[in-house]
Amino acid sequence: MNRVRDAMQAAVVWLTRDQSLQQAAAVLAEHDISGAPVCDREGNVLGVLSKTDLTEHAAHDDLDQSVERAMTTHVVYVGADEPLDRAISLMAFEGVHRLVVLDGRAHLAGIITSMDVLRELAGYGRRASMRVIAVAPPDDSERSSEPRPR
């Protein structure tokens, strides 16, 4: 049975509660991610900051505020050793696309996204490289109103 740790991303970009929202926005943009957990120095998860949180505060010119004031404190999480089915259920029923993954001491161990789950279910996992298959559209000489034999 697949475990969360088989599909999760262990290298996680995280924020601290005392960072400004402007600094947090720069971190999210630099890493091209839509959100990140907020942790204390010991790795305890305090919340999650998303682009949506940032957008709401940017509309009020509050980007000098701390991450702690804007973060969502309700964190949907899963344990690293739990079955992957548990992560799938949480994502589906909580309506989220990413879960914080905690280790046995309740510290940040990783992140698992809906795309990580799909890769794992498709058999690619996080370690396998996927071969990209490009499909070119047919050129005009191949187009015909007649069905083509297969």
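Residues numbered from 1 in each chain as written. Predicted model: local features only at pLDDT ≥ 70, side-chain atom pairs only at ≥ 80, totals over all residues. Heavy atoms only, no water.

### Quick word on the sheet that holds strand E3 (residues 45–50)
Okay, step 1: Reading across the sheet, the three strands line up as E1-E2-E3 and stay open at both edges, with mixed pairing between neighbours. In this open sheet, the two edge strands, each paired with only one partner strand, are strand E1 (15–16) and E3.
Okay, step 2: Where E1 lies against strand E2 (residues 35–39), two bridges are found, and the strand directions are parallel. From the neighbouring strand, Leu15 faces E2, where its bridge partner is Val38. (Pairing = 2+ DSSP bridges. Helix = DSSP H or I, 4+ residues; strand = E, 2+ residues; numbered from the N terminus.)

### Section: helix H6 (residues 114–121)
Okay, step 1: Along H6, the residues that are buried comprise Asp116, Val117 and Glu120. One side of H6 carries all its buried residues, which in axial view fall inside an arc of 100 degrees.
Okay, step 2: Those residues of H6 hidden inside the fold are in contact with helix H1 (4–7), helix H5 (84–94) and strand E6 (108–113).
Okay, step 3: At the C-terminal side of H6, Gly123 shows a positive phi close to 90 degrees. (Buried < 20%, exposed > 50% of the residue type's maximum accessible area, 1.4 Å probe, protein only. Arc of directions from axis to C-beta. Contact = heavy atoms within 4.5 Å.)

### What to know about the packing of H5 against H6
Okay, step 1: Relative to each other, H5 and H6 sit at 140 degrees, their axes nearing to 11 Å. Classed by the angle they form, the pair H5 and H6 counts as oblique. Crossing geometry of H5 relative to H6 is assigned as left-handed. Residues Leu84, Ile88 and Met91 of H5 touch H6, and the partners they reach there are Ser114, Val117, Glu120 and Leu121.
Okay, step 2: Tallied by class, residues from the contact of H5 with H6 come to five nonpolar, one polar and one charged. (Axes fitted to C-alpha atoms, helices over the stretch in contact; angles between N-to-C directions. Parallel < 35°, antiparallel > 145°, perpendicular 65-115°, else oblique. Left-handed = near helix turned anticlockwise from the far one by under 90°. Nonpolar A, V, L, I, M, F, W, Y, C, P; charged D, E, K, R; others polar.)

### Topic: the pattern of salt bridges
Okay, step 1: Counted by the stated rule, this structure contains five salt bridges.
Okay, step 2: Taking the shortest distance from any N to any O, the salt bridge between Arg5 and Asp81 comes out at 2.8 Å. With Arg5 in helix H1 and Asp81 in the loop between strand E4 (77–79) and H5, this pair connects stretches of sequence that are 76 residues apart.
Okay, step 3: For Arg5, a relative accessible area of 35% puts it in the partly exposed group.
Okay, step 4: You can call Asp81 exposed: its relative accessible area is 51%.
Okay, step 5: For Arg17, the salt bridge is made with Glu68, and the minimal N-O distance between the two is 3.9 Å. Here Glu68 lies in helix H4 (residues 67–70) and Arg17 lies in the loop between E1 and helix H2 (21–31), a separation of 51 residues in the sequence.
Okay, step 6: By relative accessible area, Arg17 is classed as partly exposed at 36%. (Salt bridge = Lys/Arg side-chain N within 4 Å of Asp/Glu carboxyl O.)

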